[in-house]
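Chain and residue survey
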Amino acid sequence: MDDQRYFSTRKDAPIAQLDRASACGAEGWWFEPTWAHVFSPHAMSAKLDEQYMREALKEAERALAAREKPVGAVVIHKTQVVGRAHHQTRTLKDPTAHAAIIAITQAATALQPDQLATASLYVTQEPCCMCVGAALLAGVSRLVLGVDDAKQGACGSVIDIPGNERLNRRLLVMRGVLAPECLAILRKATIGARL
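The model shown is predicted, which means the values in this text are computed figures rather than measured ones. (Residues numbered from 1 in each chain as written. Predicted model: local features only at pLDDT ≥ 70, side-chain atom pairs only at ≥ 80, totals over all residues. Heavy atoms only, no water.)

Side note on the overall build of the protein
- Assigned secondary structure in the protein consists of five helices and seven strands.
- Secondary structure elements of the protein, listed N to C terminal, follow the sequence α-β-β-α-β-β-α-β-α-β-β-α.
- The long-range fraction of contacts in the protein, counting pairs at least 24 apart against all pairs at least 6 apart in sequence, stands at 55%.
- Carbon and sulfur atoms make up 55% of the accessible area of the protein, which amounts to about 10300 Å² in all. (Helix = DSSP H or I, 4+ residues; strand = E, 2+ residues; numbered from the N terminus. Contact = heavy atoms within 4.5 Å. Areas by Shrake-Rupley, 256 points an atom, 1.4 Å probe, with all protein chains shown as cover.)

Re the pattern of salt bridges
- Summed over the entire model, instances satisfying the criterion amount to ten salt bridges.
- Note that E59 and R62 form a salt bridge whose closest N and O atoms lie 2.4 Å from each other. In this pair, E59 and R62 both sit in helix 2 (residues 46-65), three residues apart, roughly one turn of the helix.
- Taking relative accessible area as the criterion, E59 reaches 4% and is therefore assigned buried.
- Here the residues in one salt-bridge network are E55, K58, E59, R62 and R84, joined through shared partners. (Salt bridge = Lys/Arg side-chain N within 4 Å of Asp/Glu carboxyl O. Buried < 20%, exposed > 50% of the residue type's maximum accessible area, 1.4 Å probe, protein only.)

Digging into the sheet that holds strand 4 (residues 80-86)
- The sheet built from five strands is open, its strands ordered 4-3-5-6-7 with mixed pairing. The sheet terminates laterally at strand 4 and strand 7 (172-174), the two strands that pair on one side only. Going from strand to strand, the sheet's axes swing by 20° on average, the running direction of each strand aside.
- By the bridge criterion, five bridges tie strand 5 (residues 119-125) to strand 6 (residues 142-147) in an arrangement that is parallel. Paired with Q125 across the two strands is V147, which belongs to strand 6.
- Strands strand 3 (72-77), strand 4 and strand 5 of the sheet are contacted by helix 3 (residues 99-110), whose axis makes an angle of about 145° with strand 4. (Pairing = 2+ DSSP bridges. Axes fitted to C-alpha atoms, helices over the stretch in contact; angles between N-to-C directions.)

Section: helix 2
- The end-to-end C-alpha distance of helix 2 is 28 Å, a good match for the 28 Å that 20 residues give at a rise of 1.5 Å each.
- Turning to helix 2, its buried residues are D49, Y52, M53, E55, A56, L57, E59, A60 and A63.
- A positive backbone phi angle near 60° is found at R67, which sits one or two residues after helix 2. (Expected span 1.5 Å × (residues − 1).)

Things to note about the confidence of the model for the protein
- Residues of the protein with pLDDT of at least 70 account for 75%, and the chain-wide mean is 81.
- Contacts from residues 1-43, a stretch scored under 50 in pLDDT, to residues over four places away or in other chains number 64 contacts. (pLDDT = per-residue confidence, 0-100.)

Observations regarding the state of the cysteines
- Following the criterion strictly, the structure yields zero disulfides and no others.
- C129 forms no disulfide, and the closest cysteine sulfur to it belongs to C128, at a distance of 6.4 Å.
- Accessibility expressed as a relative area gives 40% for C129, which makes it partly exposed.
- The thiol of C155 is not disulfide-bonded; the next cysteine sulfur, from C129, is found 9.3 Å away.
- Owing to a relative accessible area of 5%, C155 belongs among the buried residues under this scheme. (Disulfide = S-S within 2.5 Å.)

Details of the packing of helix 3 against helix 4 (residues 129-138)
- With their axes 8 Å apart at the nearest point, helix 3 and helix 4 run at an angle of 20° to one another. Viewed along their axes, helix 3 and helix 4 adopt a mutual orientation that is roughly parallel. As for the relative orientation of helix 3 and helix 4, their crossing is left-handed in sense. Together, A100, I101 and I104 of helix 3 and M130, C131, A134, A135 and A138 of helix 4 make up the contact between the two elements.
- In terms of residue class, the contact of helix 3 with helix 4 is made up of eight nonpolar, no polar and no charged. (Parallel < 35°, antiparallel > 145°, perpendicular 65-115°, else oblique. Left-handed = near helix turned anticlockwise from the far one by under 90°. Nonpolar A, V, L, I, M, F, W, Y, C, P; charged D, E, K, R; others polar.)

Have a look at this one:
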């Protein structure tokens, strides 16, 4: 993924934000003029990403045990899990009960509305349009996913909502974190469905 599109040197940013623009560029800082903060896409280490994805995988295991699609999600704010969930569409008889939606709802309840702008969403499988839309509307700044979804993925596999430059919000997407583990749990569900 080309991180250059997340860098901005726009001169028409509000004055209050231009003073922060000097920290952008060579040091790897990301600056989005419509936001009131500076965010480093490199602030989260690969080890932390793996640690939090393992939490999402625990949720995916719960979904598998409940005979749901084995997808798990967690929302992290300042190294704390503030939302965690797995798919529950069958259990709740609700087609919108996707892991990411439930985790975002929990995080929004736990935090102040503006705090989600510094939160990260970890999902074991690339989210659908509904879930990516919810992440954008909630103001989540970073989405970390395990494996792509060639049938419904809305982060570049089928369509690319975060890459749509016409939207007024941005979402940094990191791919492939613990991809083998995330794929393995999806395969378990496929094998179980055949038996």
